[in-house]
Amino acid sequence: MESLSGTGGTAPETLPVSERVDIVQEIKSQILELQQAGKTDREIGERLGDPRALARAYLGDLITEKTTFSWGRVLALCAYYSLAGLSGLFVIQVLGICAPVFFLCGAVIPFAGAVKLVNELLHLHLPFAQYIGVAGVPNPVHAFLICIAVGVALCLLGYGCWRLLVGYVRSVSRVGRVLSR
C-alpha cells in the first residue's frame, strides 16, 4: 500500500483501514487469478500496470464514490462520454474491420502463393494461376517465400489491431465504470 502515497494529493492515511484492506485483497486476488491462468510475473506486472497509476485508479474509485453533487464530476462525465462516443465511432470500426481483414489476407496470400508454386512445379496449367504472383519476381519459389513473409506480416498486423481494439474497449469500460459510480 506504500504505492498509494505520492499519487498526487490524497494520502493513504485519508483512506479508511477497511478500504485499504479491500484494495490489497483485490490486487492479491487479481495476481492469484493471473498466476493460476499461467501468467508470468512479467505478464502480471504488465497487466496491472504502473503501481502509481493503479493507486490513482483506486483513489479515483474512492473519490467518485462520493454521492454529493459536483460540477467537476458532471463535466468529467460529459467529457468522457462525448470523447468515448466520438472516438468509438472511428476507433472501434477501423480496428474492428482491419483486424479480420488483415488476418484473412494473411491467410489467403500464402495460399495463393502455394497455388502458383504447385501450378508451376506440376505444370497443371490452371487458368487463374497466371494472375497470381509477385510483381518483378519470375521465380515461383521466391514468390512463394515472399507470400509467406507478407502473410505473416499481415497476420501480425491483424493481431496488433485486435489487441488495440481489446485494449481500447477495456480502457473505455474501466474509465466508464469509475465515472458511473
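Values in this document were obtained by computation on a predicted structure and should not be read as measured data.

(A) A look at the overall build of the protein. Per the secondary structure count, the protein includes 5 helices and 0 strands. Ordering the α and β elements of the protein from the N terminus gives α-α-α-α-α. Considering the protein as a whole, with its 181 residues, one finds that 23% of them fall into the buried category. Pairs at least 24 apart in sequence give 68% of the contacts found in the protein among residues at least 6 apart.

(B) Spotlight on the side chain of Asn119. Of note, Asn119 is situated in helix H4 (residues 71-122). For Asn119, a relative accessible area of 8% gives the class buried. If sequence neighbours within four positions are ignored, Asn119 has contacts with Leu124, His125, Leu126 and Ala129.

(C) Spotlight on the confidence of the model for the protein. Here the protein averages 81 in pLDDT, while 82% of its residues score no lower than 70. Ignoring residues within four places in sequence, the model shows residues 1-13, a span with pLDDT below 50, making 21 contacts including any to other chains.

(D) Spotlight on the pattern of salt bridges. Enumeration according to the criterion identifies 2 salt bridges in this entry. For Glu46, the salt bridge identified is with Arg42, shortest N-O distance 3.6 Å. Note that Glu46 and Arg42 are positioned in helix H2 (residues 41-48) at a spacing of 4 residues, about one turn of the helix. For the residue pair Glu46 and Arg42, the accessibility class agrees, reading exposed in each case. Among the salt bridges present, the one from Lys116 reaches Glu120, with a minimum N-O distance of 3.7 Å. Of this pair, Lys116 and Glu120 are both found in helix H4, 4 residues apart, which corresponds to roughly one turn of the helix.

(E) Focus on the packing of helix H1 (residues 17-36) against H2. At a minimum axis distance of 10 Å, the contact between H1 and H2 shows a crossing angle of 135°. Between H1 and H2, the interaxial angle falls into the category oblique. In the crossing of H1 with H2, the sense of the turn from one axis to the other is right-handed. Counting all contacts with H1, which are made through Gln30, Ile31, Leu34 and Gln35, the residues of H2 involved are Asp41, Ile44, Arg47 and Leu48. Of the residues belonging to the contact of H1 with H2, the class tally is 4 nonpolar, 2 polar and 2 charged.

(F) The arrangement of the side chain of Lys116 in detail. With relative accessibility at 16%, the residue Lys116 sits in the buried group. When neighbours within four sequence positions are excluded, Lys116 is seen to be in contact with Ala129, Gln130 and Ile132.

(G) Quick look at the environment of Leu156. Its location among the elements puts Leu156 in helix H5 (residues 140-180). Given a relative accessible area of 57%, Leu156 falls into the exposed group. Spatially, the C-alpha atom of Leu156 lies 8.0 Å from that of Phe103, the residues being 53 residues apart in sequence.

Reading guide: rules and limits
Residues numbered from 1 in each chain as written. Predicted model: local features only at pLDDT ≥ 70, side-chain atom pairs only at ≥ 80, totals over all residues. Heavy atoms only, no water. Helix = DSSP H or I, 4+ residues; strand = E, 2+ residues; numbered from the N terminus. Buried < 20%, exposed > 50% of the residue type's maximum accessible area, 1.4 Å probe, protein only. Contact = heavy atoms within 4.5 Å. pLDDT = per-residue confidence, 0-100. Salt bridge = Lys/Arg side-chain N within 4 Å of Asp/Glu carboxyl O. Axes fitted to C-alpha atoms, helices over the stretch in contact; angles between N-to-C directions. Parallel < 35°, antiparallel > 145°, perpendicular 65-115°, else oblique. Left-handed = near helix turned anticlockwise from the far one by under 90°. Nonpolar A, V, L, I, M, F, W, Y, C, P; charged D, E, K, R; others polar.

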